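What follows is each chain in one-letter form.
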Amino acid sequence: MAHQTDVYFVDGVRTPFGRASANGIYAHTRADDLAVKALIGLLDRNPNVPKDLIDDVAIAATSQTGDQGLTLGRTVAMLAGLPQHVPGLAIERMCAGAMTAVTTMGASIGFGMYDLAIAGGVEHMGRHPIGSNADPNPRFVAERLVDPQALNMGVTAERLHDRFPQLTKERADRFGMLSQQKAQAAYDLGHIQPDLVPVAVTDADGAFSLATEDEGRRPETTMEALAALKTPFRPHGRVTAGTSSPLTDGATVSLLASKRAIKKHGLTPKMKLVSFGFAGVQPEVMGLGPVPSTEKALEKAGLSIDDIGLFELNEAFAVQVLSFLDHFGIDDADPRVNPWGGAIAVGHPLAASGVRLMIQLAAQFEMRPDVRYGLTAMCVGLGQGGSVIWENPFYTGKRK
């Protein structure tokens, strides 16, 4: 009979994130190859993990078509050189795809069915724009289940500004600017680069180069420049390119393990899974999703928001993060929140982003033994939120 066990995040890596455009670094790279490159990088730096003992591989993508189709977990595992007896699956929960891959594999480990599992996500938005292969059921509109504009994420962000007048454009602009500055500062200190797997890429002429860092960063951003940007989702609106995550290509992957596997293979875990929660909200205000999902995860863990020492919140839009912070009474510039910047600066390749949050939190945990608990959370298209609470295995109660 299976016995419940602790679940650990052993390691995570990602590709550098690229601009989703005809001129982006991955314009001539296949989506599945990005995931393969990330998985090979993860396995290379964890040589103690026997490839033949990996129980499952879950890889998420939002647009599961073309080079993002064909049961990604299985195909990516085979292309990365895992033995053919290792199974795999694909997962889809829009922006929370990789996060759901982690919680699904983590739950399988926690129930004693698995000991080692791979979880990650990939999105090539340059090749597969969001919703490009979708055919929403006409009942959504005919029966007024969903406002037609709720399928436009930028419009849902504008509606957060409408609903909460205190979430001003100036606050959103400042948050966007600080994200850029914090991300560059983290790069300058060398915090981000250790978890990036370089990717060999080609341009339109077939010339090779190496992608080694996130392409979309704009550290020179100023409040004046942000104030002058157009509002593409609504005339005289408040959401701009400077307060939104850019369209992005990239892949992430992580290794999860049971307590038994940690001991057996001499692994050093970076985080321990405490709890997780997913919740639904009105699609029209999709960005509020992380509020109820976080409340759910906190309740399951027997914790309060005050117990969380580090927050990695996905910056789909600045106003979305601000609505979360206001709900929980956290200051816009609280140093616990996205200390290395976020998706506004480095990008948001939809289904891949959940594991990026975890990779950054894990790195921060090692540097912050005074922090016991951290939260990774994100909003999800069509009105959902996802939250995962982690415990720091390096926790001593004292700052380094």
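Note that the structure is predicted; figures quoted are calculated from it, not measured. (Residues numbered from 1 in each chain as written. Predicted model: local features only at pLDDT ≥ 70, side-chain atom pairs only at ≥ 80, totals over all residues. Heavy atoms only, no water.)

Caption draft 1: Spotlight on helix H6 (residues 169-188). The end-to-end C-alpha distance of H6, which contains 20 residues, comes to 29 Å, matching closely the 28 Å that a straight helix rising 1.5 Å per residue would cover. Buried within H6 we find Lys169, Ala172, Asp173, Phe175, Gly176, Met177, Ser179, Gln180, Ala183, Gln184, Ala186 and Tyr187. In the core, the buried residues of H6 are packed alongside helix H5 (153-163), helix H7 (223-227), helix H10 (318-327) and helix H11 (343-346). Just past H6, the residue glycine 190 takes up positive phi, approximately 75°. (Helix = DSSP H or I, 4+ residues; strand = E, 2+ residues; numbered from the N terminus. Expected span 1.5 Å × (residues − 1). Buried < 20%, exposed > 50% of the residue type's maximum accessible area, 1.4 Å probe, protein only. Contact = heavy atoms within 4.5 Å.)

Caption draft 2: Quick look at the pattern of salt bridges. According to the stated counting rule, one finds 23 salt bridges in the structure shown. Residues arginine 238 and aspartate 162 are paired through a salt bridge, measuring 2.4 Å at the closest nitrogen-oxygen approach. Residue arginine 238 is found in the loop between H7 and strand S8 (248-258), and its partner aspartate 162 is found in helix H5; the two are separated by 76 residues along the sequence. Look at aspartate 162 and you get partly exposed, because its relative accessible area is 38%. Each of the salt bridges in this network shares a partner with another, and the network as a whole consists of Asp11, Arg45, Asp195 and Lys270. (Salt bridge = Lys/Arg side-chain N within 4 Å of Asp/Glu carboxyl O.)

Caption draft 3: Structural context of the UniProt feature "domain: Thiolase C-terminal" (unreviewed entry) in the protein. Under the UniProt annotation, the feature "domain: Thiolase C-terminal" (unreviewed entry) is placed at residues 268-391. Secondary structure across residues 268-391 comprises 33% helix and 26% strand; the distance between its end C-alpha atoms is 14 Å. (UniProt positions renumbered as here; feature names shortened; annotations may be inferred.)

Caption draft 4: Up close: the packing of aromatic side chains. Counted under the stated rule, the structure contains 5 aromatic pairs. Where phenylalanine 9 meets tryptophan 390, the ring centres are 5.8 Å apart and the plane angle is 75°; that geometry is what we call edge-to-face. Of this pair, phenylalanine 9 sits in strand S1 (residues 7-14) while tryptophan 390 sits in strand S12 (residues 384-391), placing them 381 residues apart in sequence. The exposure class of phenylalanine 9 is buried, given its relative accessible area of 1%. (Phe/Tyr/Trp six-rings, centres within 6.5 Å; stacked < 30°, edge-to-face > 60°.)

Caption draft 5: Just a nonpolar patch on the surface, in detail. Judged by side-chain polarity, Phe140, Val141 and Leu145 come together as a nonpolar surface patch covering roughly 260 Å² of accessible area. Counting through the fold element by element, phenylalanine 140 comes out in helix H4 (residues 139-142). (Patch = residues over 30% accessible without salt bridge, like charges linked within 9 Å, V, L, I, M, F, W, Y side chains within 5 Å. Areas by Shrake-Rupley, 256 points an atom, 1.4 Å probe, with all protein chains shown as cover.)

Caption draft 6: Region of the structure containing the nonpolar core. Within the largest apolar cluster, 37 residues are counted, with the highest numbers of intra-cluster contacts made by Leu39, Ile54, Val57, Leu82, Ile118, Val122 and Val253. Those elements that provide at least two residues to this core are S1, helix H1 (31-44), strand S3 (56-60), helix H2 (72-79), strand S5 (116-124), strand S6 (199-202), S8 and helix H8 (259-265). What leucine 39 contacts, discounting residues up to four positions off in sequence, is Val76, Ala77, Ala80, Leu82, Ile118 and Val253. Ala20, Ala96, Leu310 and Trp390 belong to the second-largest nonpolar core, a separate cluster that totals 36 residues. (Core = buried A, V, L, I, M, F, W, Y, C linked by side-chain atoms within 4.5 Å.)

Caption draft 7: Fine view of the environment of proline 198. Mapped onto the elements of the fold, proline 198 is located in the loop between H6 and S6. When its relative accessible area of 41% is taken as the criterion, proline 198 is described as partly exposed. Separated by 12 residues in the primary sequence, proline 198 and leucine 210 have C-alpha atoms spaced 6.4 Å apart. The residues contacting proline 198, other than those within four sequence positions of it, are Lys37, Leu210, Ala211 and Thr212.

Caption draft 8: Helix H3 (residues 97-110), seen in detail. Relative to the 20 Å expected for 14 residues at 1.5 Å per residue, H3 spans 19 Å between its end C-alpha atoms, a close match to the ideal helical length. Taken across its 14 residues, H3 has 12 buried, putting it largely inside the fold. All of the buried residues in H3 are Gly97, Ala98, Met99, Thr100, Ala101, Val102, Thr103, Met105, Gly106, Ser108, Ile109 and Gly110. Glycine 112 sits one or two positions beyond H3 and adopts a positive phi of about 90°.

Caption draft 9: Seen up close, the UniProt feature "domain: Thiolase N-terminal" (unreviewed entry) in the protein. The positions UniProt marks with the feature "domain: Thiolase N-terminal" (unreviewed entry) are residues 7-259. Annotated as residues 7-259, this span is 30% helix and 19% strand, and its ends, taken at the C-alpha atoms, are 7 Å apart.

Caption draft 10: Just the side chain of histidine 128, in detail. Along the chain, the position of histidine 128 falls in the loop between S5 and H4. One polar contact links histidine 128 to aspartate 67, side chain to side chain, over a distance of 2.5 Å. Excluding its chain neighbours within four sequence positions, the residues that come into contact with histidine 128 are Ser63, Thr65, Gly66, Asp67 and Gln68. (Polar contact = N/O pair within 3.5 Å; in protein donor to acceptor, adjacent residues only side chain to side chain.)

Caption draft 11: Molecular detail of the packing of H3 against helix H12 (residues 353-367). At a minimum axis separation of 5 Å, H3 and H12 run at an interaxial angle of 70°. By the angle between their axes, H3 is roughly perpendicular relative to H12. Only Gly354, Val355 and Met358 of H12 make contact with H3, whose side of the interface consists of Ala98, Met99 and Val102. Its residues assigned to classes, the contact of H3 with H12 comprises 5 nonpolar, 1 polar and no charged. (Axes fitted to C-alpha atoms, helices over the stretch in contact; angles between N-to-C directions. Parallel < 35°, antiparallel > 145°, perpendicular 65-115°, else oblique. Nonpolar A, V, L, I, M, F, W, Y, C, P; charged D, E, K, R; others polar.)

Caption draft 12: The side chain of glutamine 364, seen in detail. One can find glutamine 364 in helix H12. The contact partners of glutamine 364, leaving out residues within four places of it in the chain, are Leu310, Glu312, Pro339 and Trp340.

Caption draft 13: A look at the packing of H6 against H10. Look at H6 against H10: their axes get within 9 Å of each other, and the N-to-C directions meet at 105°. The pairing of H6 with H10 is recorded here as roughly perpendicular in orientation. Residues Arg171, Ala172 and Phe175 of H6 touch H10, and the partners they reach there are Ala318, Val321, Leu322, Leu325 and Asp326. Tallied by class, residues from the contact of H6 with H10 come to 6 nonpolar, no polar and 2 charged.

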